[in-house]
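Here is what each chain is made of, one letter per residue.
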Amino acid sequence: MKKKLYLANPYGFSKQTNKLLYEFINIFNDLNVEVFEPFERTKHITQKDDNWAYHLAESNFYDLKKCDCIFAIVNGTPPDEGVMIELGIAIALKKKIFLFRDDFRNCSDNNKYPLNLMLFLGLPRDNWEKYYFESLQDIKSNEKGFVKWAKNKVN
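Residues numbered from 1 in each chain as written. Predicted model: local features only at pLDDT ≥ 70, side-chain atom pairs only at ≥ 80, totals over all residues. Heavy atoms only, no water.

(A) Quick peek at the pairing of strand β4 (residues 96-100). Of all five residues that make up β4, four are buried, and the element is covered over most of its length. Pairing between strand β3 (residues 69-73) and β4: five bridges, direction parallel. Across the sheet, residue Phe-71 finds its bridge partner in β4, namely Phe-98. After leaving β3, the chain enters helix α4 (residues 81-92) and then returns to the sheet as β4, a path that is right-handed. The pairing of β4 with strand β5 (residues 132-133) spans two bridges and is classified as parallel. Paired with Leu-99 across the bridge in β5 is Tyr-132. (Buried < 20%, exposed > 50% of the residue type's maximum accessible area, 1.4 Å probe, protein only. Helix = DSSP H or I, 4+ residues; strand = E, 2+ residues; numbered from the N terminus. Pairing = 2+ DSSP bridges. Right-handed = clockwise from strand over helix to strand, strands pointing away.)

(B) Geometry of helix α3 (residues 52-66). Over its 15 residues, α3 extends 21 Å from the first C-alpha to the last, a length consistent with the 21 Å expected when each residue adds 1.5 Å. Of all the positions in α3, only Ser-59, Asn-60, Asp-63 and Leu-64 are classed as buried. Along the axis of α3, the buried residues cluster in a sector spanning 135°; they form a single face. (Expected span 1.5 Å × (residues − 1). Arc of directions from axis to C-beta.)

(C) Fine view of the pairing of strand β1 (residues 3-8). Buried residues dominate β1, accounting for five of its six residues. Two strands pair when backbone bridges link them, and β1 and strand β2 (residues 33-36) are joined in this way by four bridges, in the parallel orientation. Of the residues in β2, the one forming a bridge with Tyr-6 is Phe-36. Summarising the sheet, β1 and β3 pair through four bridges and their orientation is parallel. When the sheet's bridge partners are listed, Ala-8 is paired in β3 with Ala-72.

Just distances and angles here, no functional claims.
Right under this line is the structure:
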């Protein structure tokens, strides 16, 4: 059985950044991980229904619950608020968490962590850097934690 990954990201809001999603998805697919990408999975929800926003959020929540991990793209200062909420839910659900940030700007008031301290509650206290990626090559690195997680069998 394939592991399931929820790809929390703001890239679907822009045609240019949407193209970047496929670079991530290809890496995950190469590691035999099923990707739940929220923009793709909710494209059937249209604004014709007055409750479309609620249905979209509800769909993302249920997808996140079904997944084994969340891989969150956390660029920006601050990062996208929807991604931050998804991370909060993932922390509460005790999902495996991976963070990607190739944005060089500091987004923290602490020298140890590059983002809001609460996000690191979802990562191991020691060696959190293994679950934090600054490039696409980092994701594929055997020295980081994603490849090891992807190759371990589902319980």
